[in-house]
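Remarks on the overall topology
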Amino acid sequence: MGLIESLFYMIWRGIAIGILISAPMGPVGILCIQRTLEKGRRTGFYTGVGAALSDLFYCLLTGFGLSFIREFIEHNQNIIQLVGSTVLIGFGLYLFKKNPASSLRKPIAPEEFSSRKNILTGFLFTFSNPLILFLIIGLFARFNFLIPEIRFYHYIIGFAGIIAGALGWWWIVTFSIDKVRAHFNLRSMWLINRIIGVVILIFALVGIITSITHIFN
């Protein structure tokens, strides 16, 4: 496999993997949509950036064989999922009871602080689901991402493709949601907050039940 061919091989596979990891609409996707509708596209996109960084972290664990960290996460995945689901319950209840009008009356925080906060929450929401490791392993196998003839610098290009694919996905999602944002009034936002809060609570309860079942089995 020539240089150009191998680079193209890794780039398009990395982009495809990044999109497919991000595409499932889990809690972080719902949070990204809610923040885009309520606070604007930039806030929603920064949340997606945090999720993309968490996905990249798990991809690096898988790709570079950091077995001691990966084994710790796999062996403690039920505890991590239980803690993450508990946090989701708190956020779901907060969102369910939140009045969207209150956020419109708050002064705008400095962008740097807001960006860090949104990236951090997006990262933690995604990191709290270690089961994504199995999705990544499956995608790596499906796209033959880890093959002996590929050199180290090719993998750098491949992982850059993964983060580019994930960020591209969140850019498209926030762009699309932002286009319809003007059609929502305060009552619509209140209803959306309630619906999204309930959905996140369902995700959290399923995660808690699943983790407790695995812990005691």
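Rules of the game
Residues numbered from 1 in each chain as written. Predicted model: local features only at pLDDT ≥ 70, side-chain atom pairs only at ≥ 80, totals over all residues. Heavy atoms only, no water. Helix = DSSP H or I, 4+ residues; strand = E, 2+ residues; numbered from the N terminus. Buried < 20%, exposed > 50% of the residue type's maximum accessible area, 1.4 Å probe, protein only. Patch = residues over 30% accessible without salt bridge, like charges linked within 9 Å, V, L, I, M, F, W, Y side chains within 5 Å. Areas by Shrake-Rupley, 256 points an atom, 1.4 Å probe, with all protein chains shown as cover. Salt bridge = Lys/Arg side-chain N within 4 Å of Asp/Glu carboxyl O. Core = buried A, V, L, I, M, F, W, Y, C linked by side-chain atoms within 4.5 Å. Polar contact = N/O pair within 3.5 Å; in protein donor to acceptor, adjacent residues only side chain to side chain. Contact = heavy atoms within 4.5 Å. Phe/Tyr/Trp six-rings, centres within 6.5 Å; stacked < 30°, edge-to-face > 60°. Lys NZ or Arg CZ within 6 Å of the ring centre and 35° of its normal.

**Notes on the environment of Leu191**
Its place among the elements puts Leu191 in helix H10 (residues 186-215). On the basis of relative accessible area, Leu191 is assigned to the partly exposed category, the value being 45%. In the structure, Leu191 is positioned 95 residues away from Phe96 in sequence and 8.9 Å away in space, judged by C-alpha atoms.

**Thoughts on a nonpolar patch on the surface**
Together, Ile79, Val83, Ile212, Ile215 and Phe216 give the surface a local cluster of nonpolar side chains, amounting to about 480 Å² of exposed area. At the level of elements, helix H5 (77-97) and H10 are the ones that each hand at least two residues to the nonpolar patch. One can find Ile215 in helix H10. According to the relative accessible area criterion, Ile215 is partly exposed, its value standing at 35%.

**A short note on the nonpolar core**
Core analysis: the largest hydrophobic core is formed by 31 residues, its most contacted members being Ile17, Phe140, Phe145 and Phe159. Contributing elements (two or more residues each) for this core: helix H1 (3-22), helix H2 (27-39), helix H3 (41-63), helix H8 (132-142) and helix H9 (152-180). If one sorts the elements of this core by residue count, H9 sits on top with 8 residues.

**Quick word on the side chain of Thr47**
Counting through the fold element by element, Thr47 comes out in helix H3. Looking at Thr47, its side chain comes within polar contact range of the main-chain oxygen of Thr43, at 3.0 Å. Setting aside chain neighbours within four positions, we find Thr47 in contact with Val28, Leu31, Cys32, Arg35, Asn118 and Gly122.

**Here we look at the packing of aromatic side chains**
In the structure shown here, the tally under the stated rule is 5 aromatic pairs. Look at Tyr58 and Phe127: their rings are 5.5 Å apart centre to centre, the planes differ by 15 degrees, and that puts the pair in the stacked class. Placement of the pair is Tyr58 in helix H3 and Phe127 in helix H7 (residues 111-127), with a sequence separation of 69 residues. Between Trp171 and Phe175, the ring centres sit 5.3 Å apart and the planes meet at 5 degrees, which makes this aromatic pair stacked. Of this pair, Trp171 and Phe175 both sit in helix H9, 4 residues apart, which is roughly one turn of the helix. For Phe175, a relative accessible area of 33% translates into the label partly exposed. Here the aromatic residues Phe57, Tyr58, Phe123 and Phe127 are joined through ring pairs into a cluster of three or more. Over the aromatic face of Trp171 sits the side chain of Arg41, whose NZ or CZ is 4.4 Å from the ring centroid.

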